[in-house]
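# Structure at a glance
Okay, here's what each chain looks like letter by letter:
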Amino acid sequence: MDFTRTVLARRMIRAFKPNPVPREKLKRILSLAQHYPSAGYSQEVTYVVITNKEKREKVRKLRDLRSDAPVLLIPCVSENIVHDRYREPDKIRSGGKEIDWPIPFWYFDVGCSCMLIFLAAVNEGLAAGFAGSVGIFNPGLLRKELGIPEHYEPVGVLSLGYPDFGKDIPSPSLKRGRRSLKDFIHREEW
Ligand SMILES: Cc1cc2nc3c(=O)[nH]c(=O)nc-3n(C[C@H](O)[C@H](O)[C@H](O)COP(=O)(O)O)c2cc1C
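All values derive from a computational prediction rather than experimental measurement.

### With respect to the pattern of salt bridges
This structure, assessed with the given rule, holds 15 salt bridges. With its nearest N and O atoms 2.6 Å apart, the salt bridge here joins R28 to E124. Of the two residues, R28 is situated in helix α2 (residues 23-33) and E124 in the loop between α5 (105-123) and β3 (127-130); the sequence distance between them amounts to 96 residues. In this structure R28 comes out as partly exposed when scored by relative accessible area, which is 42%. When salt bridges with common partners are traced through the structure, they connect K53, R56, E57, R60 and D68 into a single cluster.

Written out as structure tokens, the structure is:
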């Protein structure tokens with residue numbers, strides 16, 4: 001699909017058809033998701049991919065998910081990997097100190113990768129959504145259930161599948177409307 005149309009067609013989808021996602025489609029989406037930019041090319045993002053029905057059910061319960069997508073993707077990010085990378089000779093500052101980290105780049109990087117999932121899904125005729133935090137979000141519970149190592153933080157749950165537009169209820173937040181381009185962009189200065 002043409003890039004502009006792909007971007008404009010992307011929506012956070014909350015209702016999915018039960019049809020499974022073909023393996024090849026899933027593989028292509030995940031391969032593209034690996035092309036996210038990362039600070040120092042740390043590559044600190046990884047995914048747990050869940051298609052097993054019982055496993056999905058468990059994660060849905062933990063996250064209080066309403067949608068029953070055939071694929072759940074858990075993006076996980078390791079802050080440690082970035083710190084280790086920024087202690088390497090080409091990144092370390094004089095005095096042997098890491099940079100001050102005014103911005104946690106690892107969250108920037110995982111967001112970039114998730115956006116690739118959202119767009120790649122549309123490109124494959126599928127849709128995805130970031131789990132609404134209807135209930136509590138306890139990364140520790142997800143980590144335990146899925147055996148995620150301690151230094152990786154699961155940042156949420158992405159649902160992936162064929163969209164069921166008949167059942168999908170768009171977010172009431174959309175009523176807020178999109179801010180004007182004028183407010184979005186500050187030319188030359190704020
Ligand atoms: C970090 C993040 C958290 C979100 N949390 C929720 C949520 O808890 N419940 C929900 O229904 N949608 C959630 N959304 C989806 C937003 O409501 C949605 O992206 C926004 O309304 C714009 O709609 P669109 O993505 O379909 O263009 C979340 C999106 C992001 C990026």
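### Overview of the packing of aromatic side chains
Applying the stated criterion across every chain, the model contains four aromatic pairs. Note on W101 and F105: the rings are 5.5 Å apart at their centroids and 85° apart in plane angle, and the pair reads as edge-to-face. Residue class for W101 comes out buried when judged on its relative accessible area of 15%.

### Brief notes about the layout of surface pockets
The space that makes up the second largest pocket amounts to roughly 340 Å³. Every residue lining the second largest pocket is counted, 15 residues in all, and those nearest its centre are R10, R11, S173, L174 and R178. For the lining of the second largest pocket, the per-class residue count stands at five nonpolar, three polar and seven charged.

### Concerning the side chain of K25
Its place among the elements puts K25 in helix α2. Once you skip the residues sitting within four places of it in the chain, K25 turns out to touch E124, L126 and Y162.

### Focus on the packing of α2 against α5
Between α2 and α5, whose axes approach to 8 Å, the crossing angle comes to 145°. With respect to the hand of their crossing, α2 and α5 are arranged in right-handed fashion. Packed against α2, whose contacting residues are I29, L30, L32 and A33, the element α5 presents S113, L116, I117, A120 and A121 at the interface.

### Focus: the state of the cysteines
Within the structure shown, the criterion is met by zero disulfides. The cysteine C112 is free of any disulfide, with C114 supplying the nearest cysteine sulfur at 9.4 Å.

Scoring rules and cut-offs
Residues numbered from 1 in each chain as written. Predicted model: local features only at pLDDT ≥ 70, side-chain atom pairs only at ≥ 80, totals over all residues. Heavy atoms only, no water. Salt bridge = Lys/Arg side-chain N within 4 Å of Asp/Glu carboxyl O. Helix = DSSP H or I, 4+ residues; strand = E, 2+ residues; numbered from the N terminus. Buried < 20%, exposed > 50% of the residue type's maximum accessible area, 1.4 Å probe, protein only. Phe/Tyr/Trp six-rings, centres within 6.5 Å; stacked < 30°, edge-to-face > 60°. 1 Å grid on protein atoms, 1.4 Å probe; cavity = no way out; pocket = protein on both sides within 12 Å on 5 of 7 lines; lining within 4 Å. Points joined across faces, edges and corners; volume = space filled by probe spheres on them. Nonpolar A, V, L, I, M, F, W, Y, C, P; charged D, E, K, R; others polar. Contact = heavy atoms within 4.5 Å. Axes fitted to C-alpha atoms, helices over the stretch in contact; angles between N-to-C directions. Left-handed = near helix turned anticlockwise from the far one by under 90°. Disulfide = S-S within 2.5 Å.

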